[in-house]
Amino acid sequence: MKKLMLGNEAVARGAYEAGVTVVSSYPGTPSTEITENIVKYDNIYVEWAPNEKVAAEVAVGAATGGARAMSCMKHVGLNVMADPVFTISYRGINGGLVFCVADDPGMHSSQNEQDSRHYAEAAKILMLEPSDSGECRDFTKLAYELSEKYDTPVFLRLHTRVSHSQSLVEELEPVDYRLKDYEKNPGKNVMTPANAIRAHVRVEERMAKLSELANTTDVNRIEDNGSKIGVITSGISYMYSKEALGDSVNYLKLGMVYPLPKKLIKDFAAKCDKVYVIEELDPFIENFCRQIGVDVIGKDVFTLLGEYTPAMIKKQVLGVDPVENIVMDEDAPVRPPVMCAGCPHRGTYYVLKKLGLNVFGDIGCYTLGANAPLSAMDTNLCMGAAIGEAHGIGKARGNDFAKTAVSVIGDSTFIHSGITGLINMVYNKSINTVLILDNSITGMTGHQDNPTTGYTIRKEPTKQVNLITLCKGIGVDSISVVDPFDVKGLTKTLKEETAKEEPSVIIVQRPCALLPEMRKTYSGHCVITDKCRKCKMCMQLGCPAISVDGGTVKIDTTQCNGCGLCENVCPFGAIEKED
Amino acid sequence: MNIMIVGVGGQGTLLASRILGRVAIKAGFDVKISEVHGMSQRGGSVTTYVKYGDKVYSPIIDKGEADIILAFEMLEALRAVPFLKIGGKMIANTQEINPMPVITGAAKYPADIEKKISKKLNLQAVDALALAKQAGTIKAVNVVLIGLLAKSTDVAKQIWLETIRETVPEKFVDLNLKAFELGYNI
Ligand SMILES: Cc1ncc(C[n+]2csc(CCOP(=O)(O)OP(=O)(O)O)c2C)c(N)n1
């Protein structure tokens with residue numbers, strides 16, 4: 001029977017059916033549910049790695065050892081894993097190796113909208129791109145066949161609307177994949193210059209073969225509707241094009257987006273008067289077409305920015321205006337994401353703002369501290385950058401400034417790539433203060449365990465990184481642990497630590513309010529009593545449960561979880577807990 | 001059939017779209033659902049699209065193309081209006097949740113949204129929160145709304161009931177069926 005599956009779930013299914021036995025990933029929207037769905041299959045070893053580079057290396061090791069292996073990440077995760085990826089392209093594999101990379105055009109949950117296809121070209125790695133869940137499953141399996149046949153890692157390129165859309169998939173039986181033998185083969189697996197020079201020759205030979213394959217593979221297919229207009233497209237853009245243009249044009253649907261099929265494109269274009277390339281983000285297919293002398297219409301009419309829609313394709317290709325729609329005379333105010341009621345990060349930012357510090361931030365739920373009314377974060381960049389940035393600005397502006405420049409970084413982010421930044425800070429004699437916001441989970445991406453939580457992805461108890469000993473080992477002498485809801489205590493610690501002529505770490509510790517253990521801990525809700533003098537201090541917390549109605553401060557009991565932070569900041573003791 | 005479900009992160013819109021998707025399969029259609037995960041689930045605006053028919057290509061719905069919009073919150077209902085097909089129907093829960101710009105005073109929560117939308121289109125506004133309470137828990141708001149929606153589609157009621165039974169955890173089945181009926185029988 002066919003089942004509705006998320007694209008990500010279908011990739012996991014494909015991995016299972018292909019006989020994959022090792023999966024190592026780091027979470028990142030929109031890729032996370034691939035690895036989470038792998039957990040369903042007991043015979044697959046699956047793990048959250050501390051970051052994408054480690055995850056890729058684990059998958060490489062498993063594939064070298066003869067297993068079919070996978071590693072999944074969001075597009076920016078590919079930046080982190082790029083180093084091993086470029087060279088495993090030279091080494092080749094033993095068991096099949098697939099890297100699933102999920103792009104996020106429109107930036108639903110990302111800090112940029114980079115186009116991962118450039119990595120395929122730069123690293124000379126075959127890339128497949130499915131359009132729906134059925135293809136997610138099929139292409140995953142195909143990826144393993146091609147990986148082994150051509151001795152190459154393979155990229156599976158996903159997209160928010162493919163990863164997070166559900167469509168029908170027929171479940172099939174898994175293939176009987178047997179672990180291949182592991183043989184020592186330094187000529188292939190040790191990338192000294194001499195071996196790498198030979199490996200590069202193999203890579204170019206492989207690319208020539210794959211370029212040929214691109215012309216004949218089933219996943220690159222022509223749909224000839226007898227039109228004089230041709231559309232070359234792939235992935236979700238194919239679905240948008242089909243919806244918009246139906247059978248009124250011919251299609252060249254590319255399931256393999258790198259390498260691209262020279263002959264197939266030329267033959268397709270030769271039968272059309274006009275050829276459009278419809279692809280979100282960069283003109284990747286378009287540039288290739290121009291390179292091989294095929295004249296196409298692409299980014300001159302389609303935007304480089306964000307997501308496409310069927311309506312915009314219809315307009316550009318057929319000249320048909322979008323359907324009419326109802327217009328309201330009034331704009332709806334925006335509803336940006338906010339820290340949840342009870343979020344531990346709220347206490348931290350409340351204090352940081354009070355103290356007027358320069359806050360170098362990072363990526364996670366705590367990025368929301370940049371938004372009003374907390375407005376207490378100056379920058380963020382990529383995972384781990386908070387510490388390096390604060391160190392850098394301290395070196396630029398001197399130690400007096402460094403005393404005002406603090407880093408905030410989440411537990412998962414610190415483990416991901418903050419540790420090296422901290423080592424640098426200590427080694428190169430900075431005096432900044434680093435706040436590790438330890439909410440006992442990887443929050444932003446939906447509650448994944450990490451090395452600081454003490455549990456594996458399968459919820460088995462395991463060793464837990466001790467942040468205090470870790471920081472001590474790095475050479476930080478001034479380490480404190482504070483509860484972010486202890487507003488007075490955190491204020492005092494921050495004042496003391498930032499004044500010191502040495503680097504400090506403050507571990508700000510309180511579990512995420514959405515964790516089951518905390519849901520049990522918090523109970524009831526807070527109410528404003530008649531002691532309220534309307535000073536609105538509590539409004540500075542930016543809690544979604546607290547608002548002002550006609551001058552009176554109110555707490556929405558359907559949203560409040562009774563965390564009690566507002567009680568701690570009220571100067572008049574006017575907030576009380578109720579059951 | 002194009003159905004758009006809008007609400008605020010955390011309101012349970014995902015369960016609603018999943019029930020709807022399963023219903024459409026049982027009724028023999030091709031189905032696509034586009035969900036939102038990640039950042040906006042943190043109390044931001046969330047939109048899911050459910051499309052079913054003989055063959056569905058794009059998982060998303062353009063402006064002017066939703067046959068039905070199911071809104072879990074009034075401001076989100078207002079925001080979603082341009083997506084409704086001319087002649088389409090909107091079902092909205094009258095609950096109002098202030099977004100942060102309103103809380104901080106940077107923006108005002110629009111007044112009389114129900115009246116304003118009703119002037120422009122076919123709106124059925126219901127206090128689903130009250131009905132959910134009546135069913136036993138405010139968490140059942142999404143199933144009350146599903147009940148309302150069911151009434152506006154041409155899929156047999158039996159299929160909806162069956163799907164709810166299969167989708168929600170066993171100990172909550174009765175509660176959810178009650179919530180469904182409360183929505184369905186308005
Ligand atoms: C290189 C990279 N990988 C993954 C992500 C996705 N991502 C964003 S925030 C985050 C985790 C944040 O967890 P933590 O640091 O514990 O903070 P929390 O959200 O719990 O506050 C992840 C995995 C990313 N942005 N960049």
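That block above? That's the structure.
In this report, the structure presented in the accompanying data block is examined.

Rules of the game
Residues numbered from 1 in each chain as written. Chains lettered and ligands numbered in written order. Predicted model: local features only at pLDDT ≥ 70, side-chain atom pairs only at ≥ 80, totals over all residues. Heavy atoms only, no water. Contact = heavy atoms within 4.5 Å. Buried area = accessible area lost by both parts, 1.4 Å probe. Salt bridge = Lys/Arg side-chain N within 4 Å of Asp/Glu carboxyl O. Pairing = 2+ DSSP bridges. Helix = DSSP H or I, 4+ residues; strand = E, 2+ residues; numbered from the N terminus. Axes fitted to C-alpha atoms, helices over the stretch in contact; angles between N-to-C directions. Buried < 20%, exposed > 50% of the residue type's maximum accessible area, 1.4 Å probe, protein only. Right-handed = clockwise from strand over helix to strand, strands pointing away.

Listed per partner, the contact involves 54 residues of chain A and 55 residues of chain B. Each partner contributes to the roughly 4800 Å² buried at the junction of chain A and chain B, and carbon and sulfur atoms together form 63% of this total. Looking at the side of chain A facing chain B, the largest losses of area belong to Ile 326, Met 328 and Arg 335 of chain A, adding up to 19% of the total buried there. Applying the counting rule to chain A against chain B returns 5 salt bridges. The residue Glu 243 of chain A makes a salt bridge to Lys 51 of chain B at a minimum N-O spacing of 3.0 Å.

Right, let's talk about the sheet that holds strand S1 (residues 2–6) of chain A for a bit. Read across the open sheet, the 8 strands follow the order S1(A)-S8(A)-S2(B)-S3(B)-S1(B)-S4(B)-S5(B)-S6(B); overall the sheet is mixed. Each end of this open sheet is capped by a strand with a single partner; those strands are S1 of chain A together with strand S6 (122–126) of chain B. Along the sheet, successive strands turn relative to each other by an average axial angle of 20 degrees, direction set aside. Relative to strand S8 (residues 165–170) of chain A, S1 of chain A runs antiparallel, the two sharing 5 bridges. Bridge pairing in S8 of chain A places Leu 4 of chain A opposite Leu 168 of chain A. Helix-sheet contacts for helix H1 (residues 13–26) of chain B involve S1 and S8 of chain A together with strand S1 (2–8), strand S2 (30–34) and strand S3 (45–53) of chain B, and the interaxial angle to S3 of chain B is about 0 degrees.

The side chains of a regular strand alternate between both faces of the sheet. All names here are of chain A. Because side chains alternate across strand S2 (residues 22–25), one face comprises the buried residues Val 22 and Ser 24, and the other comprises Val 23 and Ser 25, equally buried. In this sheet, strand S3 (residues 45–48) lies alongside S2 in parallel orientation, the contact comprising 4 bridges. Bridged to Val 23 within S3 is Val 46. Handedness of the crossover is the feature at issue here: the chain leaves S2, passes through helix H2 (residues 32–38), returns alongside S3, and the resulting connection is right-handed. Where S2 and strand S4 (residues 69–74) come together, 2 bridges link them in parallel fashion. Paired with Val 23 across the bridge in S4 is Met 70.

In this section: the sheet that holds strand S10 (residues 229–234) of chain A. All names here are of chain A. Reading across from one edge, S9-S11-S10-S13 is the order of the 4 strands in this open sheet, with mixed pairing throughout. Here the strands that pair on one side only, and so sit at the sheet edges, are strand S9 (220–223) and strand S13 (274–278). Across this sheet, the average inter-strand angle for adjacent strands is 15 degrees, counted without regard to direction. Both S10 and strand S11 (residues 250–254) contribute to a ladder of 5 bridges, which runs parallel. Among the inter-strand pairings, Ser 234 is bridged to a residue of S11, identified as Leu 254.

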